[in-house]
Amino acid sequence: MTDDAAASTAPVGLDPGLAGSRAVVFGVGPGIGLECVRLLAALGADVACVDVEPDRAAEAAAALAEYPGSGTPLTCDVRRPEQVGRVVDETVAALGGIDVMINVVGHGGPAGPVAEMPDDVWRDVRTLNLDQHFLVAREVLRPMVARRRGSIVLISSINAFGSSPLRAAYGVAKAGIVSMARSLAIENAPYGVRVNTVAPGPTRTPRRRHLAEGELADVYRTSIPLGRLAEPYEVARAAVFLASDLAGYVTGETLVMDGGATVKYSVPAGN
Ligand SMILES: NC(=O)c1ccc[n+]([C@@H]2O[C@H](COP(=O)([O-])OP(=O)(O)OC[C@H]3O[C@@H](n4cnc5c(N)ncnc54)[C@H](O)[C@@H]3O)[C@@H](O)[C@H]2O)c1
């Protein structure tokens, strides 16, 4: 059998190639980040679990005890360049390298119209949701480029594509992530490093469970074609897919996962 025939008839896909790999996830609290570290460890990756809250890092690492891969808790505020450089060095020292990085950190910040938005709100939301992605990617690329191998996944949002009334800074930052991932993908393709983004719609993380209850639940049921919020593990599956060898020819892309919400509008039939 030729190599091509072997590749095309292999049970495709079913090995994501993550066993024995070294992964670092930023933002591992009990939402999308925790589900990412769980899935990576279940697939055999050793995972550095990084959070600004030491307890969250420790709890995420402890949650991996039952899986083939290991968990290493590390603490870092991703807004601080010196801390980001330090934690990347600690990850490399603990795991021996970095093959996969998923950056989950982000938060919508206070709601309000642009006309009334104080400077510090705009700046803080942009720092947490966009500037830190630059800092983390820059540091993580050092070991990846040196080894000519790596995969980076950044968590954006459907706010990058629609409008974000009362959360303009968040929407701008999430759109910036998509743009930055495209630039990173092209700059680093020659070094064997892929860079992609996941853009989830509303997700039933502990922080947002209220959206799945009461009157709000009805709003989401009717506005989202699949009739429900995403589950955090579903977002993690998309992120880990992009990080894995299953997506080995995908770079610079954004996987929108929103139950069909952003493609719902259609031109009335016959027009
Ligand atoms: N939950 C949703 O509905 C939804 C929808 C679309 C996109 N997203 C995006 O998904 C990501 C995760 O969402 P989530 O709901 O799981 O959030 P979350 O708040 O549960 O998790 C974010 C984690 O980042 C950590 N963190 C916060 N600031 C940090 C800092 N400065 N340095 C290091 N770590 C820090 C927090 O401690 C927390 O563990 C975010 O980027 C969010 O914008 C969420």
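Look above for the structure.
Described in the following lines is the structure provided in the data block. The model shown is predicted, which means the values in this text are computed figures rather than measured ones. (Residues numbered from 1 in each chain as written. Predicted model: local features only at pLDDT ≥ 70, side-chain atom pairs only at ≥ 80, totals over all residues.)

### Details of the sheet that holds strand β7 (residues 254-257)
Read across the sheet, seven strands follow the order β3-β2-β1-β4-β5-β6-β7 without closing on themselves; strand pairing throughout is parallel. If you trace the sheet from one side to the other, it starts and ends with β3 (71-75) and β7, each paired once. For this sheet the average axis-to-axis angle between neighbouring strands, irrespective of direction, equals 15°. For strand β2 (residues 46-51) and β3, the ladder comprises five bridges, and the chain directions are parallel. (Pairing = 2+ DSSP bridges. Helix = DSSP H or I, 4+ residues; strand = E, 2+ residues; numbered from the N terminus. Axes fitted to C-alpha atoms, helices over the stretch in contact; angles between N-to-C directions.)

### A short note on the pairing of β2
The buried fraction of β2 is high, at six of six residues. Along β2, one buried face is formed by D46, A48 and V50 and the opposite face, lined by V47, C49 and D51, is buried too. The pairing of strand β1 (residues 22-26) with β2 spans five bridges and is classified as parallel. Bridge pairing in β2 places V25 opposite C49. Crossover connection from β1 via helix α2 (residues 32-42) to parallel β2: handedness right-handed. What joins β2 to β3 is helix α3 (residues 54-62), and the crossover it makes is right-handed. (Buried ≥ 20, exposed ≤ 12 C-beta atoms within 10 Å, placed from the backbone. Right-handed = clockwise from strand over helix to strand, strands pointing away.)

### Thoughts on α3
All buried positions along α3 are accounted for by R56, A57, A60 and A61. Along the long axis of α3, the arc covered by the buried residues comes to 130°, so they all point the same way. Exposed and facing more than 90 degrees away from the buried side of α3 are P54, D55 and A62. Next to the buried residues of α3 lie α2, β2 and β3. (Arc of directions from axis to C-beta. Contact = placed C-beta atoms within 7 Å.)

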